[in-house]
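Listed here are the chains, written in short residue letters.
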Amino acid sequence: ISTRTHIAGFNFDNCIMNAAGVYDYSAEELDAVQQSAAATFVTKSATLVPREGNPEPRYCNTPYGSINSMGLPNFGLAYYLDYVSAAQRQVPGKTYFVSLTGFNVEEDIALLRQVQASDFEGIVELNLSCPNVPGKPQTGYDFEAVTRILEAVFDLYRAPLGIKLPPYFDLVHFDQIAAILNRFPLAYVNSVNSIGNGLCVDAAAESVLIKPKQGFGGIGGAYLKPTALANVFAFRQRLNSSIQIIGTGGVQNGTDVFEHILCGADMVQVGTVLHQEGVAVFERLTRELKAVMAQKGYGGIDEFKGRLKTL
Ligand SMILES: O=C(O)c1[nH]c(=O)[nH]c(=O)c1Cl
C-alpha cells in the first residue's frame, strides 16, 4: 500500500506533512520533521526581516483544538533559505516548501526576488491568510488584493508556487475566488488556514486564554475539520485540474487524512495535532491511513482522491 503523492511535478514518499507555523520555526524543529515520517516540511511563514511576534501567552490548546495569535514570529527569509539550501545538499532529490508572506505587494515581490537569487529548488507557499498581525486584514478575504498580488507574483516568478488561503464560508465566495485563481498558473491552493479571530474563554478564571488582541486568535484542530473539508471539496470542483490542492485543518487520525484526500486533496498538512503530539504523529497518521486503505482495498491514494460521493 502506497501513500506517496506528487505536487508540481515533484514526487513525495508520503502525503502527510506539517502545516506552516507548526514545528518549523527553528533549525532544530525542522530537523525533527526532516527525520520523521513526514513527506517533507514547510517552513514557518517568513518575512523580509526577523520578527519577535506577539506577546505571550499566544498559543493555547483547547478542548477541541487550539487558538493562536503568534503574530508571525520568524527568523527572516534568509534563515530559512539557508536551512533549505543545506537540506537540499544533504538530502538531494527531496523537495522542500518555503512559506513566505509580505505586508504588501512590494514586500511579496521582494521576498520572491530573494528566493530567485538563492539556490532554492523547491516550492514556494505564499501565505495570504495570516489572521494575527494587529491592524492587518487576512489578504485572502480581499479579492482585489489577491488579484493584484497574483498578477505581480506571476509577472516575476516562474517556479512552482502555491498559496495558503483562509477558510471561506459562502458558496458564492468560492465561485468568485476560484474564478480569480483559475487565471493564474498556481501549482496548488492550500485550504485552510485557521479560522481567524475566534475567542476561547477560561470560565473558571473568567478570562481569555491568550494575550494578544484581547484573546482573539486563529482556531485550529477538530473545530476546523468540517470547514477545511468544505473548502477542499469546493475548490476541487471549481479549480482547473492544473491547480492541485493541499488539505489542511482538523486532522487527528488516519480517517481524517483519508477524508481530505476523498474531498480532493493531493497532500495533507497537520498543525494542532503535530503541536500536541510531536513528530511521532506522522508515523501514526501514515499507519492509520494505510489501515483505512487496506480495509477498503485501495493500493494508492489516486484510487480514491476526489471521489467523495454526494447523495
Ligand atoms: O500568528 C501567526 O503567525 C499565524 N497564525 C495562524 O494561525 N496562521 C498564520 O498564517 C499565521 Cl502567520
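For clarity, every value in this text was computed on a predicted model and none was experimentally measured. (Residues numbered from 1 in each chain as written. Predicted model: local features only at pLDDT ≥ 70, side-chain atom pairs only at ≥ 80, totals over all residues. Heavy atoms only, no water.)

Caption draft 1: The arrangement of the site of the ligand in detail. The environment of the ligand is formed by 13 residues, the closest being Lys44, Asn68, Leu72, Asn193 and Ser194. Residue Asn127 places a side-chain N or O atom 2.9 Å away from an oxygen atom belonging to the ligand. Asn193 is positioned such that a nitrogen or oxygen atom in its side chain is 2.8 Å from a nitrogen atom of the ligand. Out of a free accessible area of 310 Å², the ligand has 92% covered by protein chains. A majority-of-atoms criterion places the ligand in the largest pocket. Across the shell around the ligand, the residue classes break down as 5 nonpolar, 7 polar and 1 charged. (Near = heavy atom within 4 Å. Polar contact = N/O pair within 3.5 Å; in protein donor to acceptor, adjacent residues only side chain to side chain. Areas by Shrake-Rupley, 256 points an atom, 1.4 Å probe, with all protein chains shown as cover. 1 Å grid on protein atoms, 1.4 Å probe; cavity = no way out; pocket = protein on both sides within 12 Å on 5 of 7 lines; lining within 4 Å. Sits in = over half its atoms within 2 Å of the grid points. Nonpolar A, V, L, I, M, F, W, Y, C, P; charged D, E, K, R; others polar.)

Caption draft 2: The arrangement of the sheet that holds strand β7 (residues 123-127) in detail. Taking strand neighbours across the sheet as the criterion, the 7 strands line up as β3-β15-β14-β9-β8-β7-β6 in an open arrangement whose pairing is parallel. Looking along the sheet, the strands with just one partner apiece sit at the ends: β3 (16-18) and β6 (97-100). The mean inter-strand angle of the sheet, taken between neighbouring strand axes irrespective of direction, is 25°. As defined by bridge partners, β7 adjoins strand β8 (residues 161-165) across 4 bridges and the pair is classed as parallel. If you follow Glu125 over to β8, its bridge partner there is Gly162. (Pairing = 2+ DSSP bridges. Helix = DSSP H or I, 4+ residues; strand = E, 2+ residues; numbered from the N terminus. Axes fitted to C-alpha atoms, helices over the stretch in contact; angles between N-to-C directions.)

Caption draft 3: Fine view of the nonpolar core. By size, the foremost hydrophobic cluster in this structure holds 73 residues, and its most contacted members are Val153, Leu161, Ile163, Leu181, Leu186, Val189 and Phe235. It is helix α4 (residues 143-156) that contributes the most residues to this core, 7 residues altogether. Excluding residues within four positions of it along the chain, Leu161 makes contact with Leu112, Val124, Val153, Phe154, Leu186, Ala187 and Tyr188. One finds Phe12, Met17, Ala39 and Ile123 within the second-largest nonpolar core, a separate group that totals 11 residues. (Core = buried A, V, L, I, M, F, W, Y, C linked by side-chain atoms within 4.5 Å. Buried < 20%, exposed > 50% of the residue type's maximum accessible area, 1.4 Å probe, protein only. Contact = heavy atoms within 4.5 Å.)

Caption draft 4: Highlighting the sheet that holds strand β4 (residues 59-62). Spatially, 4 strands are ordered β4-β5-β13-β10 in an open sheet, and the strand pairing comes out antiparallel. Edge strands, defined here as strands with exactly one partner in the open sheet, are β4 and β10 (195-199). Averaged over all pairs of adjacent strands, the angle between their axes in this sheet comes to 40°, without regard to strand direction. Strand direction decides the pairing type here: strand β5 (residues 65-68) and strand β13 (residues 216-221), joined by 4 bridges, are antiparallel. The residue of β13 that forms the bridge with Gly65 is Gly221.

Caption draft 5: Looking closely at the packing of helix α5 (residues 171-181) against helix α6 (residues 225-238). Packing of α5 against α6 brings their axes to within 10 Å, and their N-to-C directions diverge by 50°. Classified by the angle between their axes, α5 and α6 sit oblique to one another. Two packed elements cross with a definite hand, and for α5 against α6 that hand is right-handed. Across the interface between the two elements, Leu171, Phe174, Asp175, Ile177, Ala178 and Leu181 from α5 touch Ala230, Asn231, Ala234, Phe235 and Arg238 from α6. (Parallel < 35°, antiparallel > 145°, perpendicular 65-115°, else oblique. Left-handed = near helix turned anticlockwise from the far one by under 90°.)

Caption draft 6: View of the pattern of salt bridges. Applying the stated criterion across every chain, the model contains 11 salt bridges. In this structure, Asp175 engages Arg238 in a salt bridge whose closest nitrogen and oxygen atoms are separated by 2.6 Å. Here Arg238 lies in helix α6 and Asp175 lies in helix α5, a separation of 63 residues in the sequence. The exposure class assigned to Arg238 is partly exposed, which follows from its relative accessible area of 25%. Connected via shared salt-bridge partners are Lys225, Asp256 and Glu259. (Salt bridge = Lys/Arg side-chain N within 4 Å of Asp/Glu carboxyl O.)

Caption draft 7: Representation of unusual backbone geometry within the structure. With an omega of 0°, the peptide bond running from Glu56 to Pro57 counts as cis. Within the secondary structure, Pro57 is located in the loop between α1 (27-34) and β4. Of note, the bond from Ser191 into Val192 is cis; its omega dihedral lies within 30 degrees of zero at 15°. By the element assignment, Val192 lies in the loop between β9 (188-191) and β10. Even without a glycine there, the phi angle at Asn197 is positive, about 55°. Unlike most non-glycine residues, Gln214 shows phi in positive territory, near 55°. Structurally, the position occupied by Gln214 is in the loop between β12 (207-208) and β13. Residue Gln214 is classed as exposed on the basis of its relative accessible area, which comes to 67%.

Caption draft 8: View of the environment of Leu30. Note on placement: Leu30 falls in helix α1. Distance from Leu30 to Phe41, taken between C-alpha atoms, is 7.1 Å for residues 11 residues apart in sequence. When near neighbours in sequence (up to four residues on either side) are disregarded, Leu30 contacts Tyr23, Asp24, Phe41, Val42, Thr43, Tyr80 and Tyr83.

Caption draft 9: The packing of aromatic side chains, seen in detail. Taken as a whole and judged by the stated rule, the model has 17 aromatic pairs. Relative to Tyr168, the ring of Tyr141 has its centre 5.7 Å away and its plane inclined at 80°; by these criteria the two rings are edge-to-face. One end of the pair, Tyr141, is in the loop between β7 and α4; the other, Tyr168, is in the loop between β8 and α5, and 27 residues separate them in sequence. Judged by relative accessible area, which is 3%, Tyr168 ranks as buried. Arranged with centres 6.1 Å apart and planes meeting at 75°, the rings of Tyr168 and Phe235 form a pair that is edge-to-face. Note that Tyr168 is positioned in the loop between β8 and α5 and Phe235 in helix α6, a separation of 67 residues in sequence. Judged by its relative accessible area of 0%, Phe235 is buried. Ring-pair connections join several aromatic residues into one group, and the members of that group are Tyr141, Phe143, Tyr168, Phe174 and Phe235. (Phe/Tyr/Trp six-rings, centres within 6.5 Å; stacked < 30°, edge-to-face > 60°.)

In short, shape yes, function no, at least from these values alone.
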